[in-house]
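Here are the chains, one letter per residue:
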Amino acid sequence: MNGRKDAPPAPVIRLDGVTLHYRKHPALREISLEVPSGCMVGLIGPDGVGKSSLLSLIAGARSIQQGTVQVLGGDMADASHRRHTGPRIAYMPQGLGKNLYATLSVQENLDFFARLFGHGRQERGQRVNELLAATGLLEFRDRPAGKLSGGMKQKLGLCCALIHDPDLLVLDEPTTGVDPLSRSQFWALVERVRSRRPGMSVVIATAYMEEAERFDWLVAMDEGRVLATGTAEALRQRTGADTLEAAFIRLLPEEKRRKHHPVTIPPRTDGQDGQPDIAIEAEGLTMRFGDFVAVQDVNLRVERGEIFGFLGSNGCGKTTTMKMLTGLLPASEGNARLFGHPVDATDLDTRRRVGYMSQSFSLYSELTVRQNLELHARLFHLPPDSIPARVAEMLERFGLGGVEDELPSALPLGVRQRLSLAVAVIHRPELLILDEPTSGVDPIARDQFWQLLIDLSREDRVTIFISTHFMNEAERCDRVSLMHAGQVLASDTPTALRETRGAETLNDAFVAWLEEAAGKADESVAPPVARGNENGRTPGRFSLLRLCSYTRRESLELQRDPIRATLALLGSVILLVIMGYGISMDVEDIRFAVLDRDQTSTSRQYLLNLSGSNYFLERTPITDYGELDRRMRSGELELALEIPPGFARDLQHGRPVAIGAWVDGAMPSRAETVAGYLQALHGGWLQEQLRFQSTPVTQPLSINVETRYRYNPEVASLVAIVPTVIPLLLMMIPAMLTALSVVREKELGSIINFYVTPVTQLEFLLGKQIPYIVLAMANFLLLTALAVFAFGVPFKGSYLAYVTAALLYVMAATGLGLLVSSFMRSQTAAIFGTTIITLIPAVTFSGMTTPVSALEGIPRIIGEIYPTSHFLTISSGTFSKAPGFADLSGSFWPLALSVPVILGLSLMALKKQER
Amino acid sequence: MQPLANIFHLTIKEWRSLGRDRIMLALILFAFSVNIYISSASIPETLHMAPIAIVDEDRSPLSIRMTGALYPPWFLPPASIEQRQIDPLMDAGDFTFVLDIPPGLQRELLSGNQPTIQLNVDATKLTQAFLGAGYIQAILSEETRAFVQGDRRSTSPVALEIRNRFNPALNQGWFGAVIELIDNITMLSIILTGAALIREREHGTIEHLLVMPLRPVEIMVAKVVAMGLVVLLASSASLVLVVKGWMQVPVEGSTLLFVLVAALHLFATTSMGIFLATVARSMPQLGMLIILVLIPLQLLSGGATPFENMPAFIQGIMQLAPTTHFISLAQAILFRGAGLAIVWPPLLGLMVIGGVFFALSLRRFRRSIAGMA
C-alpha cells in the first residue's frame, strides 16, 4: 500500500478481508487496511461507496459479517472487547444532529452522554462547561437541540462525542450541510482538541475535497473497495493532478472517469437586451412562527432562464423562503409573484408551471423509479399517450436507464438526486425550485447534476432557483443571494460579490459577510483542558448511572411532549367514566310484543305481569305471523309471545296449554338474559295462580332457595365493572406509550447512541421503562381515586396488596409495549401490533366478560398467562372482598413472573449492534 | 374527469406503498383469519363451566341427587367443601357459587316444612352470577319435585315454550365471529389511513403532493378509497372464507348487503383516521389517540355488552359512532336475514354519519395541510 512511509508505525485500526452486504447489495468488498494512529485520517469517495458502512463497523455500531476488524488492539467481533473499548471510541454518525435528541436542550444532551460514560456530578459539570465554552455554545445551553442551526448541531454533536476523552474519534461527514463559517469553526475545534490530546486518532469521512487536503492521511474509496491510501500530497503526485478532486477522479476506473466532464456554462443569451422577462418577484416577504421571525423582509427578482443561487447555513430561512414561493407556506407579510401572478396555494395552473425538489429525498421509497416518474407524469396531467415517451426520455436524459425498476432506497444518493430532478421536470416546468439538491452528493455526481441544470437553463430557458452551501456551485450561478438569520445580506453576481468584499474566493467573501452579521463572534475561547486519560476504567456489566441516564432522558422527552402524558391521564379518566357507566349488565327495556289470539281477561292479566315489570317494554300487539316475522327481523322486537286461542278456557279446565315465545338469538348473551327473565316472571305468575286456586292442604312439598349476592348485594354494575375497567386501561395505555419508544429511535437514528456507548440492553430497556412505569402508576392512583371517591365504589381489601399488584402489572404492560417496539421496524406496524396484542387478549380472554375458567383451547391458554387476567382478579378481589396477600398468591405469582419473562423476550429481540 | 383521474392515480400509489410493507400485510392477514377464529370459535355460552362448591351437611339421597344435577358444560363438577371454608374460598375468587345444604333437608321437606337452602353468589362476576343463580334455583326446584313425585313429567298447567330465532342453539361463536370481524374492520381502517397520512408527513412526501396540481380533497379521497377498499376486500374475503367457510357460521342474509354496509362504515372510519392524523403531531401521539378512540368503539357499540343495557346518555353518545349502527345492521342482515326494505333507516343513518365525518375531516385536513409541509 502507498503512503505507509508517512504513517506512524502502530496502526489504530486493522481491517482484514472485511465484506459487508445489505441483503443482496454489497457495501464493502474484501477490504484490508491499516490505519495509522495519532493522526487525522480522511475517508474520501462518492456516496454509497461504503464509507459510512466502514465507519459503523469500526465504531462497533454494526455487526461484522465477514473478515476481522481490529480497533485499539482488539477484535470488534468480541463483545467483551467492545464493552471495554466502547468508552475509548467516540462516534458521530452521518446526518445533522443524528445522535442528538431534538427536544432536549444543549445542556441536557451533554449531561445525558456524560452520565452514559459514568462521570460524576462535579466532573460532569466541569466538562460540560469547558466544552460549551470551547464551542461558543455556552449562551445557547438551554436551547433545544432541534432548534439549533446545522453548524451548531454539529458542534454539539462533537461535544457529545468528546465528553469522555476518547482515544479514537470517528466522524461521519460531520460538516455536510453546514455553512462555511461553521465549518471552519468546527475544524478549528477539532484541531484544538487534538493539540491537547496528541495521542488521539481521528477518522473522518467527507465529501468535501478541500477539507480532505488538510488531513494527514487519506483513504480513497469506490464501490466498496479501497482505491488508494496515502497523504493528499502523495495522491496528487501519483496521479499528476493539481487538486485532490482531480486526483480522485483520475483514481477512478476508466469507465467511470469517462462519464465525467468539466462543467461548462454558456453565457445567457436572453434577458440581456431590452425588457427582462420576470419569473419570480418577491417584495417584503416575511414569515413568522409565533414570535420567531424565520424570514424577514426578503426582496427578490429572478429573470426567466436565470440560474439564481441562494446561499446560507441550515436554518437561516432558505427553505422557508422557497416554501413561500411555491405556495406551500402562506407568507405572514409581503407578497410573491410567479410569472406575474400572485402566489396562491389554490391556483392549480401555476403549479403546473413550477417544478419543486425538496431538501431531503422525499419521493415514494416504496415505488420504483419508473413508477415514481409515471405517477408524477399522470398527476401533472400529461396526455396519457405521451407519458411512455416522456418517461423514456427522462430515463435517458438523467442517466436512469438500467435502474428503472429499482426501488429508490437501493440507489446511491447521487442517482436518487437525479431521479428527484427528473420527477421535478417531467411536466416541463418553466420554473424549477431546488432546495439543496446536491447535499451530500459526491463530486462527479454533482458535476453531472449541474450539467443537467445548465442545459435546462440555457437550452430550455427554464428558470432555476437553487439553494446550496457548496461554494463552487454558487460560483456557477448567474446571481446569488447570501442569506443569514432570515435576512438577505447581499445579492449580486458571484464576481461582483467577491469584488465588493475584496475577497479572493466567494467562500472568503461569504465568511466576511457572516462574521459581520454575527458581530465578530469571539472564537478565541479557551480550548478544553486536557486531562489525564481515565479510560483505564472498565465499564461494569451493570451501571445504575447509565440506566438513570436513559431514564432522565426519556422522562425529559416525555415532559417536552406533554400532549402524550395528558392524553394518557385525561383519556383514561374519561374512558373510566364512560365505560364505568356504559358497560352495564343491568337489564331493562326488553322490547316485546304479543300475538294474543285469546283476548280474554286471563291472557291480558298474563301480559300485565310482563309489561308491569321494569324489565319489559311492551310494543303494539302483533296481528299475524307475517308481521311477527318482519318485526323480529328488523330488530324492533327482541321477544314475541303467542297466546293460543282458548287459553283462558283450557287453563280453567286444567287442560295443558302452552305459550309460545320467540327470542331474538342474534346476540346470544342477550337472548339468554331475555329467556331467563321471561322464565322467572312466568314462574312467578304460575305461583300466583296456584296460590290463588289451591288450599293450604294441597300445597305441594317444596324447598326454598335463599340467594345471597355477596360482595355486591345490589348487583350494581358500576361496583363490579369499575374494578375490571381499570386493569384494561392500565394495560392498553402504558403499552401504547412505550410501544413507539424504541422503534422511533430506530426510525429517527438516535438508536446509534445505544449501539456505540457502553450502555447495555438491560440498562437501555429498564431506563426507558421507568418513566412510563411512574406515569402509569400516577395514572393508576388517579383512576383508583376516581373509582373510590367519585364513583363511590367501596374498597374493602388491602391497599398494599392492590398497589403492589398494580406496580407489577404496569411493569408488565410497559414491558409488552417495549417488546413490540424492540421487535418491529416501522412505527405503523408497532401501533397495529400493540393494538392486536393488548386489546383482544385484555378485552376477550382476561375474564372481563367471560371468566377465564370458562374458556377453552387457545383463548384459555392466553387467558391463563396474560397479566390482565391476574390483575383483574386482584383488582376486583381487593375492591369488593378483603383478601390479603396469601389469598391472592395464585394471582400474584403469575403476575410477578410475567415481568421478567417479558423483559427477557425484549432483551432477546433487541440487538446491541445494527445488522 | 380530471379529479377522478387524480384520485385513481393516487389510490394506485397507496396500494403500491402498502404492498411493499410485508409485515403489515402479514398482520392484516392474521387479523382477518386466525385472529377471528381464535377469538370467537371457542367463546362459550354465558354460563359455561362455572365453578361451584357444595357444603353438604345433609348427606341424604336428596342432597346427593342435587349435587349430581349440577354438571358440565354449565358447571364444573361441584367441589365438596366445609362450611368454614366458604368465606376464604369465596374471598379468593375460587368459586362463583357456593350451595349450603343444611342438615335435615330431606326430613324437613318430607314433613311438609319448607326447608331453606342457602346459595352464595359472588356478585362481582356479573354475567355468571345472575343467570347462574336462576339456573341453580330452577335445577334445585326440579330435582325436589322429581324426588317428591318420583320422576314424573312436570304437570305444570301452563308451559312456556321458548324458541330462539336466528341462532337456535345460542351459539356464541356466531355472534362473536361477526363482532370480531367488525372490530377488525374498524381498527384496521383507522390505523391504516391515520398512519398513511402521518407517514407522508414524516417522510416529507406530502410536500410533493402539495406542489402538484392536486386539491386537498383529492388527496384525502384517495386515502379513504385506497385504505377503505383494502379493508373491504379483506373483510369480504374473511366473511366468506373464514366466517362462513372455516367456522361454518350459517349466514341467513345477503352477503352483498353486508358488504355495502361495511363500505358505508369504512367511509366513516377512514375519515376518522384522517381526522386523528390531523390532530396528532407525530406517530406516538397518533398511537395514543387511536387507543383512546378504539376502546369505547369496541366496548360500547353493542358488540361486547348489549346496547340496550347502557344508560340513555351513553346510548345517545354512542349513536354518533358508526360502529353502533354497523353492529346492529350486521346482526339484522347476517342473522335475521333482513333485507334493504327493513334496514334502510339505520343504513341512511350510517350514511349521514359517514358524510358528516368526512366533511369534518376534510375541513380540518384543508386547514392543517399547509402546516404539514
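In this text the structure is predicted, and so the values were computed from the model without any measurement.

## Regarding the overall build of chain A
Then, number 1: Scanning chain A for helices and strands turns up 34 helices and 25 strands.
Then, number 2: Taking 2.2 N^0.38 as the reference for a compact globule, 915 residues should give roughly 29 Å; the C-alpha atoms of chain A span a radius of gyration of 37 Å, well beyond that estimate.
Then, number 3: Referenced to the eigenvectors of the C-alpha coordinate spread, the extents of chain A come out at roughly 130 × 70 × 50 Å.
Then, number 4: Counting only contacts in chain A whose residues sit at least 6 apart along the sequence, the fraction spanning at least 24 positions is 75%.

## Concerning the overall build of chain B
Then, number 1: Broken down by element type, chain B carries 15 helices and five strands.
Then, number 2: Overall size of chain B, expressed as C-alpha extent along the three principal axes, is 95 × 45 × 40 Å.
Then, number 3: Taken across its 373 residues, chain B has 53% of its residues classed as buried.
Then, number 4: In chain B, the proportion of contacts linking residues at least 24 apart, taken out of those at least 6 apart, comes to 80%.

## Quick look at the interface of chain B and chain A
Then, number 1: Listed per partner, the contact involves 119 residues of chain B and 124 residues of chain A.
Then, number 2: Element by element, the count of residues in the side of chain B that touches chain A is highest for helix α12 (residues 283-299) of chain B, at 14 residues.
Then, number 3: Across the side of chain B that touches chain A, the residue classes tally to 66 nonpolar, 39 polar and 14 charged.
Then, number 4: Pairing analysis gives eight bridges linking strand β24 (residues 657-664) of chain A to strand β5 (residues 158-165) of chain B, with the strands arranged parallel. Its bridge partner lying in β5(B), A658(A) is registered against A159(B).

## As for the packing of helix α8 (residues 172-202) of chain B against helix α11 (residues 255-279) of chain B
All names here are of chain B.
Then, number 1: Relative to each other, α8 and α11 sit at 40 degrees, their axes nearing to 7 Å. As judged from the angle between their axes, α8 and α11 are oblique. In terms of crossing hand, the pair formed by α8 and α11 is right-handed. In contact with I185, T186, S189, I190, L192, T193, G194, L197 and I198 of α8, α11 contributes A262, H265, L266, T269, T270, M272, G273, I274, L276 and A277.
Then, number 2: Tallied by class, residues from the contact of α8 with α11 come to 11 nonpolar, eight polar and no charged.

## So, the sheet that holds strand β1 (residues 52-56) of chain B
Then, number 1: Strand order in the open sheet formed by five strands is β25(A)-β4(B)-β3(B)-β1(B)-β2(B), and the pairing between neighbours is mixed. Only two strands of the sheet have a single partner each, and these edge strands are β25 (704-710) of chain A together with β2 (79-80) of chain B.
Then, number 2: As paired strands, β25(A) and strand β4 (residues 116-122) of chain B are joined by seven bridges and run parallel to one another. The residue of β4(B) that forms the bridge with Y709(A) is V121(B).

## Observations concerning the nonpolar core
Then, number 1: Judged by nonpolar contacts, the single largest core of 392 residues is most densely connected at V170(A) and M732(A).
Then, number 2: Here the element with the most residues in this core is α8(B); it accounts for 17 residues.
Then, number 3: When neighbours within four sequence positions are excluded, V170(A) is seen to be in contact with L55(A), I58(A), A59(A), I89(A), A90(A), Y91(A), M92(A) and V203(A).

## Description of unusual backbone geometry
One can expect most non-glycine residues to show negative phi and most peptide bonds to be in trans.
Then, number 1: Not every positive phi belongs to a glycine, and H381(A) is a case in point at roughly 60 degrees.
Then, number 2: Secondary-structure assignment places H381(A) in the loop between α13 (369-379) and α14 (387-397).
Then, number 3: On the basis of neighbour counts, which here come to 16 C-beta atoms within 10 Å, the residue H381(A) falls in the partly exposed class.
Then, number 4: Even without glycine at this site, Q248(B) takes up a positive phi of about 60 degrees.
Then, number 5: Take Q248(B): it is sitting in the loop between α10 (216-246) and α11.
Then, number 6: Classification of Q248(B) by C-beta neighbours within 10 Å gives exposed; the count is 10.

## Notes on helix α31 (residues 827-845) of chain A
Residues and elements named next belong to chain A.
Then, number 1: For α31, which comprises 19 residues, the first-to-last C-alpha distance of 26 Å matches the rise-based estimate of 27 Å (1.5 Å per residue) to within 8%.
Then, number 2: Of all 19 residues that make up α31, 17 are buried, and the element is covered over most of its length.
Then, number 3: Of the residues flanking the end of α31, it is G847, one or two places downstream, whose phi is positive at about 90 degrees.

## Focus on the domain arrangement of chain A
Then, number 1: Domain assignment breaks chain A into domain 1 (4-100 + 168-259), domain 2 (278-517), domain 3 (548-579 + 717-909) and domain 4 (590-698).
Then, number 2: Spacing between the C-alpha centres of domain 1 of chain A and domain 4 of chain A amounts to 88 Å.

## Describing the confidence of the model for chain B
Then, number 1: For chain B, per-residue confidence averages 85 on the pLDDT scale, and 95% of positions sit at 70 or higher.
Then, number 2: The ipTM value of the predicted complex is 0.83, and its pTM value is 0.82.

## Some details on the packing of helix α29 (residues 761-790) of chain A against helix α34 (residues 889-909) of chain A
For any two helices packed against each other, one specifies the crossing angle of their axes together with the interaxial distance.
Residues and elements named next belong to chain A.
Then, number 1: Where α29 meets α34, the axes come as close as 10 Å, and the angle between the chain directions of the two elements is 125 degrees. Classified by the angle between their axes, α29 and α34 sit oblique to one another. Considering only the axes of α29 and α34, their crossing is right-handed. Between α29 and α34, the residues in contact are Q761, L762 and L765 and L903, S906 and L907, respectively.

## Side note on the sheet that holds strand β4 (residues 66-71) of chain A
Residue and element names in this part refer to chain A.
Then, number 1: If you trace the four strands from one edge of the open sheet to the other, you get β2-β1-β4-β5, paired in antiparallel fashion. The open sheet has two edge strands, β2 (25-36) and β5 (74-75), and neither has a second partner.
Then, number 2: Across eight bridges, strand β1 (residues 11-22) lies against β2 in antiparallel orientation. Looking at β2, one finds that V18 is bridged to I31.

## Focus: the pairing of strand β3 (residues 97-101) of chain B
Working note: regular strand, side chains alternate between the two faces of the sheet.
All names here are of chain B.
Then, number 1: Counted residue by residue, β3 has four buried out of five residues, so it is predominantly covered.
Then, number 2: Judged from the five bridges that link them, β1 and β3 form a sheet pairing that is parallel. Bridging from a neighbouring strand, D56 pairs with I101 of β3.

So, how was this worked out
- Residues numbered from 1 in each chain as written.
- Chains lettered and ligands numbered in written order.
- Predicted model: local features only at pLDDT ≥ 70, side-chain atom pairs only at ≥ 80, totals over all residues.
- Helix = DSSP H or I, 4+ residues; strand = E, 2+ residues; numbered from the N terminus.
- Rg over C-alpha atoms; globule rule 2.2 N^0.38 Å.
- Contact = placed C-beta atoms within 7 Å.
- Buried ≥ 20, exposed ≤ 12 C-beta atoms within 10 Å, placed from the backbone.
- Nonpolar A, V, L, I, M, F, W, Y, C, P; charged D, E, K, R; others polar.
- Pairing = 2+ DSSP bridges.
- Axes fitted to C-alpha atoms, helices over the stretch in contact; angles between N-to-C directions.
- Parallel < 35°, antiparallel > 145°, perpendicular 65-115°, else oblique.
- Left-handed = near helix turned anticlockwise from the far one by under 90°.
- Core = buried A, V, L, I, M, F, W, Y, C linked by C-beta atoms within 7 Å.
- Expected span 1.5 Å × (residues − 1).
- Domains from an automatic or database assignment.
- pLDDT = per-residue confidence, 0-100.

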